[in-house]
Amino acid sequence: MKIIIQHDQMDCGPACLAMIASNYGKNYSLQYLRDHSFITKEGVSMFGIVEASKKIGFETLPVKLTVEKLISSPNSLPCILHWGKNHFVVLKKITKKFMSSEYTFQIADPAHGLISIKEQEFKKYWISSENMGIALILKPSEDFFAMEVPQEKKITLSYILKYLTPYKGQLVLMFLLLLAGSAITLVFPFLTQALIDKGVSAKNLNLIALILLSQLGLFLGSITIEVFRNWLMLFIGTKLSITIISEFLKKMLQLPIRFFDTKKMGDFNQRIQDNERIEEFLTSHSLLTFFSIINFSVFFGVLLYYDYTILMVYLILTVLSIGWSFYWLRKRKILDYLRFQQRAENQESVFEIIKGVTEMKLNQFEDFKRSQWEEVQQKLFKVNIKILKLNQIQLSGFEFMNQLKNILVTFLAATLVVNDKMTLGGLLSVSYIIGQMNSPVNQLISFFRSLQDAKLSLERLNEVQSYPAEESPDQIDLFPEKIENQKHTKGIRFENVSFQYGGSKSPYVLKNINLLIPEGKITAIVGTSGSGKTTLMKLLLKFYEPTVGTISYDGIDIGAISPKNLRSGCGVVMQDGYIFSDTIERNIITGNKEGDQDRLMQAARTANIDEFVASLPLKFNTKIGASGNGISGGQKQRILIARAVYKDPHYIFFDEATSALDAENEKIIHNNLQEFFKGKTVIIIAHRLSTVKNADQILVLKNGEIIEKGNHQQLVNHRTEYFNLVKNQLELGV
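A few points on the structure. Predicted, not measured: the structure shown is a model, and the values here were computed from it.

**Some points on the overall build of the protein chain**
Logical step 1: Counting secondary structure elements, the protein chain contains 26 helices and 18 strands.
Logical step 2: Taking all 734 residues of the protein chain together, 48% fall into the buried category.
Logical step 3: For the protein chain, the share of sequence-separated contacts (at least 6 apart) that also reach a separation of at least 24 residues comes to 74%.
Logical step 4: Counting every atom, the protein chain has about 36900 Å² of accessible surface; 57% of that belongs to carbon and sulfur.

See the structure below:
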């Protein structure tokens with residue numbers, strides 16, 4: 001069974017399933033299993049793992065049992081265990097010590113690797129209630145072996161090096177500079193031999209001075225080449241960094257909303273920071289290693305010229321030292337995943353502390369959250385200790401073999417000098433050559449370590465690159481001109497639409513919705529919290545696809561419409577609308593490069609924020625903080641309304657757009673919007689009666705179903721759910 005480490009904090013379930021599949025000879029990618037596990041930001045559920053298991057041909061049996069029962073069922077291993085109440089691990093093997101009643105449990109933990117724990121500790125983490133724990137027993141069916149595993153795109157060296165293609169000119173110049181540096185280095189051993197044999201031995205001061213001046217000149221030339229080379233590396237490195245991160249961000253912003261539901265902020269931050277390792281590999285290690293090999297080859301020939309035996313001893317010990325380093329590099333891969341995970345968790349923890357500082361102070365939550373952060377630091381410290389330990393073992397063994405090699409070569413050369421088969425200058429020259437050949441060997445080890453880091457980093461970035469974008473070439477546009485389709489009633493139609501966020505076992509958020517939202521009319525949606533109002537709006541914006549049924553705009557299936565184009569014709573104010581760290585003007589006009597000042601002023605007047613902006617010294621150029629820091633909740637909502645109005649869209653979607661406004665502002669904005677709404681298709685989600693009572697159609701949602709439909713007066717006369725929702729509001733007058 002392969003030990004598979006989770007890439008993100010929410011990957012433990014798919015990683016466990018991948019390990020179980022590998023035990024039966026199938027290697028599924030984490031991304032494929034993620035896509036079928038219905039992961040959310042809270043993680044993956046046992047039901048989600050069961051769904052993914054069935055998808056790849058496993059027969060599943062979720063059970064709740066005692067440790068004794070688990071021990072007595074060895075045929076059920078390996079199995080997945082619910083661990084520590086918020087994690088999943090694989091129980092690989094149970095062993096009993098010789099002449100002892102004590103059991104040891106071998107756990108494959110996707111967050112820590114392979115670990116062995118004793119029975120007492122096992123119970124502490126696994127037992128959940130009634131002295132029992134939860135396990136998922138998996139057995140492969142015939143379908144499992146018949147299924148073909150989807151091929152995952154492998155990261156190769158050529159894939160990484162393609163990033164260097166745009167910089168051919170700079171690379172050729174760097175090649176010439178490094179070639180010149182290699183030529184200078186090659187001259188040094190012969191100058192050293194001439195200095196000893198023809199200068200010092202012959203007591204020729206003029207020749208000594210000439211050789212030393214030559215060495216000084218060559219050294220100055222080498223420094224000059226180094227300066228230009230470093231400048232070129234900085235230039236290429238900076239450009240590469242921008243390219244890699246820009247490609248990552250570009251693709252990330254093309255992904256559907258569902259992708260972001262499974263990720264945390266720390267996961268994205270750590271992926272972006274990973275580009276430094278790719279940049280370092282491409283600019284430093286790959287180029288330097290290439291020229292180090294050239295240097296090695298040149299000095300190889302020179303050493304062969306001096307003595308064949310010395311060369312053979314050197315090569316044998318060099319191969320041994322490289323083999324030693326490669327052995328430890330394989331073990332380092334798992335630790336790199338662990339470090340990535342802990343660093344992501346660390347960033348998430350710090351981000352939460354900073355973002356939630358107000359609530360923490362209000363609720364005396366500071367010490368608890370700081371303690372949580374310290375626990376993350378302890379985990380990161382343990383991983384770093386393991387990495388340091390591994391690096392020290394690898395480096396110590398490598399250095400020992402290097403020193404042994406140097407001593408043996410020096411001994412052999414000294415023996416040749418004593419036997420008059422080599423001059424003293426030749427001995428010094430050989431020592432110099434060995435020193436120069438050791439440097440490329442060290443560089444080669446660094447290269448493979450850097451290549452491993454770069455491949456792991458690119459694999460993590462590639463998870464985003466390989467995820468299918470929500471836009472596809474065959475999708476059609478609705479705007480700027482809406483498609484005319486006379487065969488269908490104009491408007492938005494829901495036909496038998498049901499939706500669930502999780503797998504087939506998760507609850508339905510919307511159930512059997514049949515609905516026509518008429519063209520050019522105002523439709524209001526009311527209902528208690530959790531009734532599915534916001535989810536319905538997200539389906540209209542193509543954030544998610546219906547689980548069952550179809551949604552159409554003027555008779556055109558929403559699946560065939562370009563999401564980007566659809567949203568370009570929608571003015572939206574969501575409950576959790578975001579204010580960017582930018583000027584008020586940019587927050588209103590958003591993606592439009594050049595703002596229309598007349599439209600901007602009209603949008604501000606409609607949202608009743610024009611007087612507030614006029615009172616500011618910099619007017620629309622006033623910069624506000626991220627998430628609306630520095631402005632009130634009501635001002636934030638008015639900016640969001642102005643943003644929607646500025647687009648002058650055909651569809652208007654408001655989700656509690658005026659909930660933070662006082663009664664006076666709400667009344668003014670409500671009156672302003674009535675004119676703006678004319679000729680537009682409007683959907684309003686609201687609790688306040690003043691916002692919805694003038695709507696042409698009011699829908700009442702309860703537990704994901706439409707239970708009432710009509711206008712205000714009709715629904716009040718029914719005296720059922722709608723009546724109960726609004727009877728305590730003053731405007732109803734009952």
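Back to the write-up after that little detour.
**Remarks on the sheet that holds strand 7 (residues 491-499)**
Logical step 1: Pairing is antiparallel in the open sheet, where 4 strands are placed in the order 8-7-10-11. On the outer flanks of this sheet lie strand 8 (510-518) and strand 11 (556-557), each paired with one strand and no other.
Logical step 2: Bridging between strand 10 (residues 548-553) and strand 11 involves 2 bridges; their strand directions are antiparallel. Paired with Ser552 across the bridge in strand 11 is Asp557.
Logical step 3: In the packing of helix 17 (residues 533-540) onto the sheet, contacts are made with strand 7, strand 8 and strand 10, and the angle to strand 7 comes to roughly 120 degrees.

**Observations regarding the pattern of salt bridges**
Logical step 1: Inspection of every chain in the model, using the stated rule, returns 9 salt bridges.
Logical step 2: The partner of Glu374 in a salt bridge is Arg370, and the shortest N-O contact between them spans 3.0 Å. Of this pair, Glu374 and Arg370 both sit in helix 15 (residues 366-418), separated by 4 residues, roughly a single helical turn.
Logical step 3: A salt bridge links Arg567 to Glu470, with the shortest nitrogen-to-oxygen separation between them at 2.8 Å. Of the two residues, Arg567 sits in helix 18 (residues 563-568) while Glu470 sits in the loop between helix 16 (424-465) and strand 7, which places them 97 residues apart along the sequence.
Logical step 4: One connected set of salt bridges, linked through shared partners, spans Asp367, Arg370 and Glu374.

**A look at a nonpolar patch on the surface**
Logical step 1: Where nonpolar side chains cluster on the molecular surface, the patch consists of Leu213, Leu216, Phe219, Leu220, Ile223 and Val227 and spans about 580 Å² of accessible area.
Logical step 2: Mapped onto the elements, Phe219 comes out in helix 9 (residues 205-252).
Logical step 3: The class for Phe219 is partly exposed, based on a relative accessible area of 47%.

**Focus: helix 23 (residues 663-676)**
Logical step 1: Here helix 23 is 14 residues long and its end C-alpha atoms lie 20 Å apart, about the 20 Å a rise of 1.5 Å per residue gives.
Logical step 2: Buried residues of helix 23: Asn665, Glu666, Ile669, His670, Leu673 and Phe676, and no others. Angular distribution of buried residues about the axis of helix 23 spans 130 degrees; they occupy a single face of the element. Of the exposed residues in helix 23, the ones pointing more than 90 degrees away from its buried face are Ala663, Glu664, Lys667 and Glu675.
Logical step 3: Where helix 23 is buried, its residues touch helix 20 (597-606), helix 22 (633-646), strand 15 (651-655) and helix 24 (689-692).

**Thoughts on the pairing of strand 9 (residues 522-527)**
Regular strands place their side chains on alternate faces of the sheet.
Logical step 1: Burial analysis of strand 9 places 6 of its 6 residues in the buried class, the great majority of the element.
Logical step 2: Of the two faces of strand 9, the one carrying Ile522, Ala524 and Val526 and the one carrying Thr523, Ile525 and Gly527 are both buried.
Logical step 3: By the bridge criterion, 4 bridges tie strand 9 to strand 16 (residues 681-685) in an arrangement that is parallel. Among the inter-strand pairings, Ile522 is bridged to a residue of strand 16, identified as Val682.
Logical step 4: Relative to strand 17 (residues 697-702), strand 9 is paired through 5 bridges, and the arrangement is parallel. The residue of strand 17 that forms the bridge with Ile525 is Leu699.

**As for the pairing of strand 15**
Logical step 1: Buried residues dominate strand 15, accounting for 5 of its 5 residues.
Logical step 2: Where strand 12 (residues 570-573) meets strand 15, 4 bridges bridge the pair, whose relative direction is parallel. Residue pairing across strands places Cys570 opposite Tyr651, the latter belonging to strand 15.
Logical step 3: Taken together, the 5 bridges between strand 15 and strand 16 define a ladder with parallel strand orientation. Residue pairing for strand 16: Phe653 is matched across the bridge by Ile683.
Logical step 4: With helix 23 bridging strand 15 and its parallel neighbour strand 16, the resulting β-α-β unit is right-handed.

**Quick word on the packing of aromatic side chains**
Logical step 1: Taken as a whole, this structure holds 17 aromatic pairs when the rule is applied.
Logical step 2: With centroids separated by 4.8 Å and ring planes inclined at 85 degrees, the aromatic side chains of Phe499 and Tyr501 adopt a geometry described as edge-to-face.
Logical step 3: Given a relative accessible area of 0%, Phe499 falls into the buried group.
Logical step 4: Among the aromatic residues, those joined into a cluster by ring pairs are Trp83, Phe105, Phe122, Tyr125 and Trp126.
Logical step 5: In this arrangement the basic side chain of Lys26 is found over the ring face of Phe144, its NZ or CZ atom lying 5.0 Å from the centre.

**Details of unusual backbone geometry**
Trans is the prevailing form of peptide bonds, just as negative phi is the prevailing case for residues other than glycine.
Logical step 1: A cis amide bond, omega -5 degrees, links Leu77 with the succeeding residue Pro78.
Logical step 2: Mapping Pro78 onto the fold places it in the loop between helix 4 (67-71) and strand 2 (79-83).

Definitions and limits used
- Numbers given to residues run from 1 along each chain, matching the order in which its sequence is written.
- Side-chain atom pairs in this predicted model are given and counted only at pLDDT of 80 or more, local residue features only at pLDDT of at least 70, and totals for whole chains, interfaces and linings cover all residues.
- The side-chain numbers reported here are obtained from all heavy atoms of the structure, hydrogens and water having been left aside.
- Secondary structure elements follow DSSP: runs of H or I of four or more residues count as helices, runs of E of two or more count as strands, with numbering from the N terminus.
- Exposure classes here rest on a 1.4 Å probe applied to the protein chains alone. A residue is buried below 20% of its type maximum, exposed above 50%, and partly exposed in between.
- Contacts were defined at the residue level, with two residues in contact if any of their heavy atoms lie within 4.5 Å.
- Per-residue accessibility takes into account occlusion by the displayed protein chains alone, with areas from the Shrake-Rupley method and a 1.4 Å probe.
- Two strands qualify as a pair provided DSSP detects at least 2 bridges between them.
- Simply put, an axis is a line fit to the C-alpha atoms, just over the touching stretch for a helix, and the angle between two N-to-C directions goes from 0 to 180 degrees.
- What makes a salt bridge here is a side-chain nitrogen of Lys or Arg within 4 Å of a carboxyl oxygen of Asp or Glu, nothing more.
- Residues qualify for a patch when their relative accessible area is over 30% and they have no salt bridge, like charges being joined within 9 Å and the nonpolar side chains of Val, Leu, Ile, Met, Phe, Trp and Tyr within 5 Å.
- Expected span, for any helix, means 1.5 Å times one less than how many residues it has.
- Note that the arc is computed from the directions linking the helix axis to the C-beta atoms.
- Handedness of a crossover is defined as follows: with both strands directed away from the viewer, a clockwise route from the first strand across the helix to the second makes it right-handed.
- Centres within 6.5 Å are what make two rings of Phe, Tyr or Trp a pair, Trp counting through its six-membered ring; a difference in plane orientation under 30 degrees is then read as stacked, over 60 as edge-to-face, and the rest as tilted.
- We count a charge as sitting over a ring when the NZ of a lysine or the CZ of an arginine lies within 6 Å of the ring centre and within 35 degrees of the ring normal.

These results come straight from atomic positions and should not be treated as a statement about function.
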